[in-house]
Amino acid sequence: MSELVVETTDLRKEYRSRQGRFLAVKSLSLHIPRGGVHGFLGPNGSGKTTTIRMLLGLARTSGGQMKLFGQEVPAHLPDVMGKVGAIVEQPKFFGNFSGRKNLKLLADTIGAPAARIDTVLEEVGLAGRDRDRFKSYSLGMKQRLAIAATLLKEPQLLILDEPTNGLDPAGIREIRDMIRQLGESGVTVMLSSHILAEVQQVCDHVSIIGRGELLASGSVDDVIGDSGSGVRVGLADVEAGAALLAGHDYAVRREGGHLVVDGVNDNAAITKLLADAGHYVSELTPMRADLESVFLELTGTTPDGAIAADAAAQAGAGA
């Protein structure tokens, strides 16, 4: 079995308020192996950020155990924090200082060698803009500088909580490519995100949680599996085609000017059934479930939609 970089067993976090008790994290057991990119997924209010904050010693647990690199935390957090880099909240930089000068101040503070600055600037793609003032950076560049700051101490584990929030598509792609490269370089990346199309492109493994509980975990391919396999059908008379297929016990739904037939094992049977009734197919495209569809099925909510019961209780308590 691969060495586990992050491990939790029956992890719990309870908040108390005048409205009563709220369990943000319930008996959560995570197993993140060394190397690659691991997606830590869940709707807003599902306990992702709370779990990350507990792992980093920023919030107390209410029960269970946590380990980083095989050592129990928070008891041994000082022993392992040198191996961990994290971005949980927006880091603070001096706006009138260049990106390089900001990194130089941080490197001096943590005792990182000056030569490391050039290395991390190259890794995050800021080598040509390192002497520009921080306040002139785009949001994507600011986020890349934040990641560069975490890389100064050469972490073996990098924890990123929603690193692409607020970025445009180009910025999201830049961060995605950088995260993939870090994972390939040997750094273990724990990535919390609700942009599931991006997660599916960059992650090797995922864990999906909802209401503080683990719902699924494993490689991306294993978690997706054959769930929701189907076929997209184009034909002239969509309504008549839908009625015909439904009458033969197919699970069919309309998407725009097409039909989607779920759970299809034999595409040719669909074509023949429609053709025999005079409905000729103009498009027949196999559809494979993606991470988003599996996520929706497991959690019953959109990735960025707060779970109603949790949203009020989470106010001021962390996502």
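Our subject is the structure listed above.
Residues numbered from 1 in each chain as written. Predicted model: local features only at pLDDT ≥ 70, side-chain atom pairs only at ≥ 80, totals over all residues. Heavy atoms only, no water.

**Thoughts on the pairing of strand E5 (residues 63-68)**
Judged from the five bridges that link them, strand E1 (residues 4-17) and E5 form a sheet pairing that is antiparallel. Paired with Glu7 across the two strands is Lys67, which belongs to E5. A loop of two residues connects E5 with strand E6 (residues 71-73), the two strands running antiparallel in sequence, and Phe69 in this loop sits at a positive phi of about 55°. (Pairing = 2+ DSSP bridges. Helix = DSSP H or I, 4+ residues; strand = E, 2+ residues; numbered from the N terminus.)

**A closer look at the sheet that holds strand E12 (residues 230-235)**
If you trace the four strands from one edge of the open sheet to the other, you get E13-E14-E12-E15, paired in antiparallel fashion. Taken across any chain shown, the strands that pair with only one partner, and hence form the sheet edges, are strand E13 (251-255) and strand E15 (281-287). On average, adjacent strands in this sheet sit at an angle of 25° to one another, irrespective of strand direction. Strand direction decides the pairing type here: E12 and strand E14 (residues 258-262), joined by four bridges, are antiparallel. (Axes fitted to C-alpha atoms, helices over the stretch in contact; angles between N-to-C directions.)

**Topic: unusual backbone geometry**
The step from Val73 to Pro74 runs through a cis peptide bond, and the omega angle for that step is 15°. Along the chain, the position of Pro74 falls in the loop between E6 and helix H2 (77-80). At Asp10, a residue that is not glycine, the phi angle is positive and equals roughly 50°. Relative to the elements of secondary structure, Asp10 occurs in strand E1. A residue is classified by how much of its surface remains accessible, and Asp10, at 42% relative accessible area, is partly exposed. A positive phi angle, near 55°, is found at Phe69, a position not held by glycine. Positionally, Phe69 belongs in the loop between E5 and E6. (Buried < 20%, exposed > 50% of the residue type's maximum accessible area, 1.4 Å probe, protein only.)

**Overview of helix H11 (residues 291-299)**
Buried within H11 we find Leu291, Val294, Phe295 and Thr299. In a view along the axis of H11, the buried residues occupy a sector of 110°, so they form one face of it. Turning to H11, the residues buried within the fold contact strand E4 (37-41), helix H7 (196-202), strand E10 (205-210), strand E11 (213-219) and helix H8 (220-224). Residue Gly300 follows H11 closely and has a positive phi angle near 70°. (Arc of directions from axis to C-beta. Contact = heavy atoms within 4.5 Å.)

**What about the sheet that holds E11?**
Pairing within the open sheet is mixed, and its six strands lie in the order E7-E8-E9-E4-E10-E11. If you trace the sheet from one side to the other, it starts and ends with strand E7 (84-87) and E11, each paired once. Ignoring which end each strand starts from, the neighbouring axes of this sheet average 15° apart. When E4 meets strand E9 (residues 188-192), the two strands line up parallel, connected through four bridges. Within the sheet, the bridge partner assigned to Val37 lies in E9 and is Val189.

**Looking at helix H4 (residues 115-123)**
What H4 keeps buried is the set Arg116, Ile117, Val120 and Leu121. Buried residues of H4, seen end-on, are gathered within an arc of 135° and therefore sit on one face of the element. Of the exposed residues in H4, those oriented more than 90 degrees away from the buried face are Ala115 and Glu122. In the core, the buried residues of H4 are packed alongside helix H3 (99-110) and helix H5 (139-151). Directly after H4, the chain includes Gly125, whose backbone phi takes a positive value near 75°.

**Considering the nonpolar core**
Of all hydrophobic cores here, the largest spans 46 residues; its most connected members are Leu103 and Ile147. Membership of the second largest hydrophobic core comes to 27 residues, among which are Val6, Phe40, Leu56 and Met190. (Core = buried A, V, L, I, M, F, W, Y, C linked by side-chain atoms within 4.5 Å.)

**Comments concerning the environment of Thr9**
Relative to the elements of secondary structure, Thr9 occurs in strand E1. Distance in space between the C-alpha atoms of Thr9 and Met66 is 6.5 Å, their sequence separation being 57 residues. Setting aside residues up to four positions removed in sequence, Thr9 forms contacts with Leu28, Ser29, Gly64 and Gln65.

**Things to note about the environment of Gly36**
Tracing the backbone shows Gly36 in the loop between strand E3 (31-33) and E4. Once you skip the residues sitting within four places of it in the chain, Gly36 turns out to touch Gly183, Val187, Thr188, Val189 and Asp204.

**Description of the packing of aromatic side chains**
With the rule as written, the count across this model stands at three aromatic pairs. Seen in terms of ring centroids, Phe94 and Phe97 are 5.1 Å apart; in terms of plane orientation they differ by 40°. Their pairing is tilted. Its relative accessible area of 52% is what places Phe94 among the exposed residues. Here Lys83 stacks its cationic end above the ring of Phe69, 4.9 Å away from the centre of that ring. (Phe/Tyr/Trp six-rings, centres within 6.5 Å; stacked < 30°, edge-to-face > 60°. Lys NZ or Arg CZ within 6 Å of the ring centre and 35° of its normal.)

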